[in-house]
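Notes for the structure review
Chain residues, written in single-letter form:
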Amino acid sequence: MSAPAVPPSRPTSRLDETAYDRRRLRQWLAGEARADGVSRRRLLTLLAATAATTALPAPGRARAADSPIVKPLPPEWFIQRGTNAETRWEALRGTGHHTPNERFFVRNHTTTPVLDAADWRLRLWGDGLRGTPAEGSPVEFDYDDLRALPAVTRTAFVECAGNGRSFYATQQGETVTGTAWTLGAVGVARWRGVRLADVLRRAGLSPYAVDVQPRGLDAEYVSGGESLGRVRRPLPLAKALDDVLLAYEMNGEPLPYDHGYPVRVLVPSWVGISSIKWVGDIEVSAQPLFSPWNTTFYRLFGPGHPQEGSAPLSRQTIKSAFELANGASFAVGEGHVLHGRSWSGAGGIARVDVSTDGGTSWRPARLHDRPRADTWSRWSVTWTPETRGATHLLARATDTAERRQPDVAVPNTQGYLFDAVVRHPVTVS
Ligand SMILES: Nc1nc2c(c(=O)[nH]1)N[C@H]1C(S)=C(S)[C@@H](COP(=O)(O)O)O[C@H]1N2
Ligand SMILES: [Mo]
């Protein structure tokens, strides 16, 4: 047998078709391409081969044509709420400290865009960059540029500012607007990426810069018939330089499409809207910036708040949740272990007290994680119910900054930052 010949060089048309095929498969995954007469299995095989050579996240089931979310949303893990998906707390039982990517809640203003890391660029621009006039030349980083910078890893929660919103209505009789989350618009992941500070310094940060504004590559957000433009929210430079990441990995995997692939901003301890997904550009400004997401939205309005609204929301509040279904049932006279988690934007969790009799008596829970900022602590208590019937389980956390969950949350028209103790209904039979 003769030695294999030197392979013929690939014609350009073949290369083009390779690149286009990759795009076409991504469009199919996004529900934007037809595949009549081709099995789903066959397409997933093709996609998997593509993923191996281009570091795409592992493909899931192709989303339904009209689904705003790519990953599967099994009803035992998620409650679908419009363009969003809330994690069921019972689905976190036994999952460890970090929320598995497959079970992590999704909050989308519109639809998850299916992007390609090979085409992705991050553009930094604005008069807060040195030697760059307002209309001047922007600085660009591609995916490989970012991966070549020093990497950092950090465990942090992402939590929607509206998490727990429905309890303003169900526990306090208040009318508020927005997605009626229970407590599942939160998750904790191990994020890996680069410091935003490193990228800003490499781009040439001017001493006059005050705000940075990351913006997503998802579609423009239309509210009340008016386009508010693409999702964007200013961050003060002090926070941007402190602990903010441009994250490309979530729990050791490339970011899933729904969580910002290829790159998202991760702002530890702050409300979820700060952590812009699918980031495409960052304005660096020598003047303070505003967007609908720090003026109309994400301020507190209503009685008990200033007429013009509170300052823009930053740190998250304090909350607790049981890893139990609503209305879970327990056998009378038997020993049970109740599990839950508490978290705060102001520090670690110092203690958690639990009531199994609707709030009459309280005892301390056993903490399973040492207090750590930006993440939750898991806890447990034992319970042997002695009487049949309906009751409520309650958990009250205190953080290392000595904030303690109140009985009643101060309401605001958009239902942000619910922090009161939640009454979790259960039955004993
Ligand atoms: N580009 C973009 N970034 C975004 C959003 C969005 O719709 N578009 N939603 C924000 C909100 S309100 C929240 S709570 C978090 C949710 O992050 P997750 O979907 O990864 O859980 O992303 C934030 N970043
Ligand atoms: Mo959010």
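Before any of the text, the structure's been laid out above.
How each quantity is defined
- Residues numbered from 1 in each chain as written.
- Chains lettered and ligands numbered in written order.
- Predicted model: local features only at pLDDT ≥ 70, side-chain atom pairs only at ≥ 80, totals over all residues.
- Heavy atoms only, no water.
- 1 Å grid on protein atoms, 1.4 Å probe; cavity = no way out; pocket = protein on both sides within 12 Å on 5 of 7 lines; lining within 4 Å.
- Points joined across faces, edges and corners; volume = space filled by probe spheres on them.
- Helix = DSSP H or I, 4+ residues; strand = E, 2+ residues; numbered from the N terminus.
- Nonpolar A, V, L, I, M, F, W, Y, C, P; charged D, E, K, R; others polar.
- Buried < 20%, exposed > 50% of the residue type's maximum accessible area, 1.4 Å probe, protein only.
- Contact = heavy atoms within 4.5 Å.

Section: the layout of surface pockets
Taken as a whole, the largest pocket encloses approximately 410 Å³ of empty space. Lining of the largest pocket is provided by 24 residues; of these, Phe167, Thr182, Leu183, Asn326 and His424 occupy positions nearest its centre. Of all the secondary-structure elements, those providing two or more residues to the lining of the largest pocket are β1 (78-81), β2 (84-87), α4 (166-170), β15 (318-322) and β23 (424-428). For the lining of the largest pocket, the per-class residue count stands at 11 nonpolar, 8 polar and 5 charged.

What to know about empty space enclosed by the protein
For the structure shown, the criterion picks out 1 cavity of 30 Å³ or more. Of the volumes computed, that of the largest cavity is approximately 260 Å³. In terms of lining residues, the largest cavity is bounded by 20 residues, among which Arg107, Arg264, Gly272, Ser275 and Lys277 are the most central. When the residues that make up the lining of the largest cavity are grouped by side-chain class, the tally is 11 nonpolar, 5 polar and 4 charged.

Some words on the environment of glycine 358
With respect to the secondary-structure elements, glycine 358 resides in the loop between β18 (349-355) and β19 (363-364). By relative accessible area, glycine 358 is classed as partly exposed at 21%. Sequence spacing of glycine 358 and leucine 394 is 36 residues, and the spatial spacing of their C-alpha atoms is 6.8 Å. Glycine 358 has contacts with Thr391, His392, Leu394 and Arg423, leaving out every residue within four places of it along the chain.

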